[in-house]
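Structural overview for review
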Amino acid sequence: MTLDKLVSPEMVDVWRLLGALLGTLALIAATLWVGRQAAGQVRGVWRTVRGYEDAALRAVDQPTDPVIVQLARWSGVPAGIWAAFLPVFLSALAAGLDRALAEEAPGE
């Protein structure tokens, strides 16, 4: 194969397609690797934060709690509604995270 054939317009199109394919494969591999690393970080953070669930729920269960007062100020939703909603939401979120992160990642 001569150099003229390697740089002919048809071969340049082949090289472009090959480059696009390799670039796409590299992007997919990098995305999967980053996703795995992020999932490991989320698991680690959740294991650390998990022990503070009761304290967090007690901090947002009264309309006079600072977090509730600030949320009511920012959103315009009455503090009583936030005090009723937020503990239930946080409990459900914690239960969902427990279920989602219960399975150990391979290699852990």
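Per chain, the residues get numbers from 1 upward, laid out in the order the sequence is written. Residue-level local features of this predicted model are given only where pLDDT is at least 70; pairs of side-chain atoms are given and counted only at 80 or more, and the full residue set underlies all totals for whole chains, interfaces and linings. The basis for every side-chain value is the complete set of heavy atoms in the structure, and neither hydrogens nor water enter the calculation.

1. Looking at a nonpolar patch on the surface
The residues that make up patches have over 30% relative accessible area and no salt bridge, and they are joined within 9 Å when like-charged or within 5 Å when they are Val, Leu, Ile, Met, Phe, Trp or Tyr. Note on areas: Shrake-Rupley with a 1.4 Å probe; residue coverage comes only from the protein chains shown. We define a salt bridge as a contact between a side-chain nitrogen of Lys or Arg and a carboxyl oxygen of Asp or Glu at a distance within 4 Å. Judged by side-chain polarity, Trp15, Leu18, Leu21, Leu22, Leu25, Ile28 and Leu32 come together as a nonpolar surface patch covering roughly 700 Å² of accessible area. Tracing the sequence through the fold places Leu21 in helix H2 (residues 9–49). Exposure is judged per residue with a 1.4 Å probe applied to protein chains only, and the accessible area is read against the type maximum: over 50% gives exposed, under 20% gives buried, and values in between give partly exposed. For Leu21, a relative accessible area of 47% translates into the label partly exposed. Counting from the N terminus, the helices are the DSSP runs of H or I reaching at least four residues and the strands are the DSSP runs of E reaching at least two.

2. Here we look at the side chain of Asp65
With respect to the element layout, Asp65 can be found in the loop between helix H3 (53–58) and helix H4 (66–75). Every residue pair with non-hydrogen atoms within 4.5 Å of one another is taken to be in contact. What Asp65 contacts, discounting residues up to four positions off in sequence, is Arg58, Ala59 and Val60.

3. Describing the nonpolar core
By size, the foremost hydrophobic cluster in this structure holds six residues: Val60, Ile68, Ala72, Trp82, Ala83 and Leu86. Among the secondary structure elements, those contributing two or more residues to this core are H4 and helix H5 (79–100). Top element by residues in this core is H5. It accounts for three residues. Apart from residues no more than four positions distant in its own chain, Leu86 is found in contact with Val60, Val67, Ile68 and Leu71. Nonpolar cores are built from buried Ala, Val, Leu, Ile, Met, Phe, Trp, Tyr and Cys residues. Side-chain atoms within 4.5 Å join them into one set.

These figures capture arrangement, not role.
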